[in-house]
Amino acid sequence: MADKEAGGSDGPRETAPTSAYSSPARSLGDTGITPLSPSHIVNDTDSNVSEQQSFLVVVAIDFGTTSSGYAYSFTKEPECIHVMRRWEGGDPGVSNQKTPTTILLTPERKFHSFGYAARDFYHDLDPNEAKQWLYLEKFKMKLHTTGDLTMDTDLTAANGKKVKALEIFAYALQYFKEQALKELSDQAGSEFENSDVRWVITVPAIWKQPAKQFMRQAAYQAGLVSPENSEQLIIALEPEAASIYCRKLRLHQMIELSSKAAVNGYSGSDTVGAGFTQGDKYVVVDSGGGTVDLTVHQIRLPEGHLKELYKATGGPYGSLGVDYEFEKLLYKIFGEDFIEQFKIKRPAAWVDLMIAFESRKRAAAPDRTNPLNITLPFSFIDYYKKFRGHSVEHALRKSNVDFVKWSSQGMLRMSPDAMNALFKPTIDSIIEHLRDLFQKPEVSTVKFLFLVGGFAEAPLLQQAVQAAFGDQCRIIIPQDVGLTILKGAVLFGLDPAVIKVRRSPLTYGVGVLNRYVEGKHPPEKLLVKDGTRWCTDVFDKFISADQSVALGELVKRSYTPAKPSQLVIVINIYSSEHDNVSFITDPGVKKCGTLRLDLTGTSGTAVPARREIQTLMQFGDTEIKATAIDIATSKSVKVGIDFLNY
């Protein structure tokens with residue numbers, strides 16, 4: 001019998017890689033279930049409102065790819081949102097409400113510093129000493145690009161050494177926690193307790209579930225909240241936060257691109273909400289350092305709740321793409337072998353060069369005519385001569401790269417065309433993605449497009465979006481566009497109920513046995529048990545990808561043990577990005593939870609012949625919980641859906 005080989009009946013967890021594709025119904029032949037009733041959805045949204053704890057303050061952390069920050073608001077005066085204190089050590093040409101997402105660990109791998117402080121300290125180290133220190137920047141993208149993210153995923157520091165991603169994220173969150181509590185204590189004039197804080201961390205909506213769960217794990221490790229008190233932390237989706245903020249904007253706080261002036265027709269004190277009417281749809285384009293997230297929302301008045309109309313889409317088209325194009329340009333001029341070697345041998349000088357590029361990148365504009373100068377660090381010029389035996393100037397002359405010249409002050413002189421060319425691939429990807437989105441029927445009647453996030457400050461992106469979509473909808477940019485998400489996340493923490501309906505990013509279901517039907521079911525799925533013919537591995541769907549789910553919504557199913565004498569029931573929960581899933585062995589189906597219900601010790605109770613096991617899935621903020629209840633004895637077991645450990 002295949003029972004024992006799969007080893008499933010000995011414990012709730014099978015071994016990782018094969019478990020998604022092994023045949024649990026077959027291996028757990030004695031613990032299988034079969035559906036009892038058609039499913040129904042129960043809206044149980046009110047029961048969980050009463051248990052809200054009261055917090056004195058909401059602190060939101062915007063953990064960005066290129067820069068990060070926090071903001072807070074006391075629940076007593078919610079209209080007043082404070083953005084963190086200004087940071088020391090900013091860059092020329094870069095406004096300073098956020099700090100770079102950079103972290104420095106000592107050679108012993110202990111946390112040393114974060115942000116500008118980390119960058120400046122690293123920069124001042126002697127080059128030979130610097131090689132021992134672990135410096136990381138722009139590491140958030142790793143969560144997006146890693147297909148099989150686990151608690152053990154590694155990041156690579158500038159010196160090539162590997163560190164655990166979870167550790168780095170936890171260090172960063174711990175740093176923000178300490179900074180924020182210190183600032184709050186100074187404001188309050190007394191020690192501020194962590195238990196008085198509701199924390200909100202923002203993540204891109206297009207992140208896969210494992211990445212969202214990873215962020216929560218990092219917060220537990222950082223001591224922001226404890227797993228027992230998980231409600232104290234909300235994981236908010238970046239474009240949703242932006243959306244909440246945009247609705248509250250007053251007209252003098254935004255710029256409408258078509259006229260480049262404040263929006264006409266309303267008095268300055270109206271909120272945009274006054275320009276919104278019942279059922280208005282709008283797209284939020286959140287373009288940051290690493291990703292671009294597109295979300296479509298609709299306002300449901302009178303109370304102005306938001307409803308997500310179309311599941312979040314987007315991709316890795318953030319401003320990092322521009323940095324990457326600059327790197328490719330340097331490859332072309334100086335050779336990839338040299339640039340890669342330079343990064344490792346002179347990591348601090350490489351950081352300098354990228355800082356110089358960053359400030360010039362911000363000076364790029366569609367109508368610019370004068371060149372942009374990028375200072376090359378002395379050690380770049382020096383190391384290049386040693387490496388190649390000829391000068392940087394010679395390389396530029398020989399490389400015949402158009403529009404990039406050498407200036408005698410030791411600078412790369414780029415024409416505006418050359419700079420614009422670096423933006424082009426990233427901006428093209430964003431426009432193309434928006435075009436696809438506007439083709440969708442749900443999106444065709446969109447009236448407003450909000451451009452938010454750090455990259456939305458780029459005039460080249462603003463112009464491209466205006467040129468492509470200005471005739472279809474009104475394109476609006478909040479004035480403090482880089483802080484939109486941060487402020488919206490605070491508002492979300494003050495009133496989490498504002499987002500009412502989301503789209504499920506995945507299809508969820510459980511593995512069951514169905515009566516075998518000749519001709520309908522594939523013969524390899526046939527399992528005969530005590531004379532009954534079963535079809536194994538059937539995926540019984542709870543909710544489909546892209547289906548609307550209200551927050552707090554419960555989906556209920558009833559099952560019965562396939563064999564009346566069973567004493568243990570194991571319910572395996574699976575997820576898939578596809579809609580039409582028939583079997584848990586279909587490609588792309590992953591196991592993400594196990595409910596194990598022990599029915600022993602219930603023999604004294606009168607148990608009905610067809611015992612009912614009720615299974616519930618509740619869709620929360622970014623967490624999903626599943627419960628199984630034995631109706632006869634009210635025994636129940638609970639599990640959080642887990643995307644990292646299976």
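What you see is a predicted model, and the numbers here were worked out from it, not measured in a lab. Every chain's residues receive numbers from 1 upward, in the order its sequence appears when written. Reporting in this predicted model follows two pLDDT cut-offs: at least 70 for local features of residues, and 80 or more for side-chain atom pairs to be given and counted; totals over whole chains, interfaces and linings ignore these cut-offs and use all residues. The basis for every side-chain value is the complete set of heavy atoms in the structure, and neither hydrogens nor water enter the calculation.

A. Local environment of the nonpolar core. Ranked by internal contacts, the top residues of the largest apolar core, which has 146 residues, are F169, V283, F326, F334, L434 and L449. Looking at which element gives the most residues to this core, the answer is helix 7 (residues 165-188), with 13 residues. In what follows, residue pairs with any heavy atoms lying within 4.5 Å of each other are defined as contacts. If near-sequence neighbours (up to four positions away) are discounted, F334 is found in contact with I339, F380, Y384, R388, V392, A395 and L412. In terms of nonpolar packing, the next biggest core, distinct from the first, is built from 30 residues, Y508, Y559, I613 and I641 among them. Buried residues of nine kinds, namely Ala, Val, Leu, Ile, Met, Phe, Trp, Tyr and Cys, make up a nonpolar core once their side-chain atoms join them within 4.5 Å. Residue burial is assigned from relative accessible area. The probe radius is 1.4 Å, only protein chains are included, and a residue is buried under 20% of its type maximum, exposed over 50%, and partly exposed in between. Secondary structure follows DSSP: runs of H or I at least 4 residues long count as helices, runs of E at least 2 residues long count as strands, and numbering of each begins at the N terminus.

B. The pairing of strand 12 (residues 197-203), seen in detail. Judged by how many residues are buried, strand 12 sits mostly within the fold: seven of seven residues are covered. Burial along strand 12 is two-sided: V197, W199, I201 and V203 facing one way and R198, V200 and T202 facing the other are all buried. Note that strand 3 (residues 57-62) and strand 12 share six bridges and pair parallel. If you follow I61 over to strand 12, its bridge partner there is I201. At least two bridges found by DSSP between two strands are what make those strands a pair. Where strand 12 lies against strand 13 (residues 233-237), five bridges are found, and the strand directions are parallel. If you follow T202 over to strand 13, its bridge partner there is A236.

C. The arrangement of the confidence of the model for the protein chain in detail. Predicted confidence across the protein chain gives a mean pLDDT of 81, with 84% of residues reaching 70 or more. pLDDT: the predictor's confidence for each residue, scored from 0 to 100. Contacts from residues 43-51, a stretch scored under 50 in pLDDT, to residues over four places away or in other chains number seven contacts. The model gives residues 260-270 a pLDDT under 50, and that stretch makes 22 contacts with residues more than four places away or in other chains.

D. Quick peek at the pattern of salt bridges. Salt bridge, as used here, is a side-chain nitrogen of Lys or Arg placed within 4 Å of a carboxyl oxygen of Asp or Glu. With the rule as written, the count across this model stands at 20 salt bridges. Of the charged contacts in the structure, one is a salt bridge between D62 and K98, with a shortest N-O distance of 3.1 Å. A residue pair is termed long-range when its members are at least 10 positions apart, and D62 in strand 3 and K98 in the loop between strand 5 (82-83) and strand 6 (99-100) qualify at 36 residues. One exposure class covers both D62 and K98, and it is buried. Here R362 makes a salt bridge to E457, at a shortest N to O gap of 3.4 Å. Residue R362 is found in the loop between helix 13 (347-361) and strand 18 (372-375), and its partner E457 is found in the loop between strand 21 (448-452) and helix 17 (459-469); the two are separated by 95 residues along the sequence. Take E457: its relative accessible area is 36%, and that puts it in the partly exposed class. Three or more residues are tied together by salt bridges with common partners; here these are K138, D323, E358, K361, R362 and E457.

E. Structural view of helix 14 (residues 378-388). The complete set of buried residues in helix 14 reads F380, Y383 and Y384. Taken end-on, helix 14 shows its buried residues confined to a sector of 105 degrees, consistent with a single buried face. Helix 14 presents F378 and K386 as exposed residues on the side facing more than 90 degrees away from its buried surface. The secondary structure elements touched by the buried residues of helix 14 are helix 11 (320-334), helix 12 (336-345), helix 13 and helix 15 (392-399). One or two steps after helix 14, the chain reaches G389, where phi turns positive at roughly 80 degrees. By definition, the arc is the one covered by directions from the helix axis to the C-beta atoms.

F. Spotlight on helix 13. For helix 13, which comprises 15 residues, the first-to-last C-alpha distance of 21 Å matches the rise-based estimate of 21 Å (1.5 Å per residue) to within 8%. Of all 15 residues making up helix 13, 12 are buried, and the element is well covered by its neighbours. Inspection of helix 13 places P347, A348, A349, W350, V351, L353, M354, A356, F357, E358, S359 and K361 among the buried residues, and these make up the whole buried set. Helix span, expected: 1.5 Å multiplied by one less than the number of residues in the helix.

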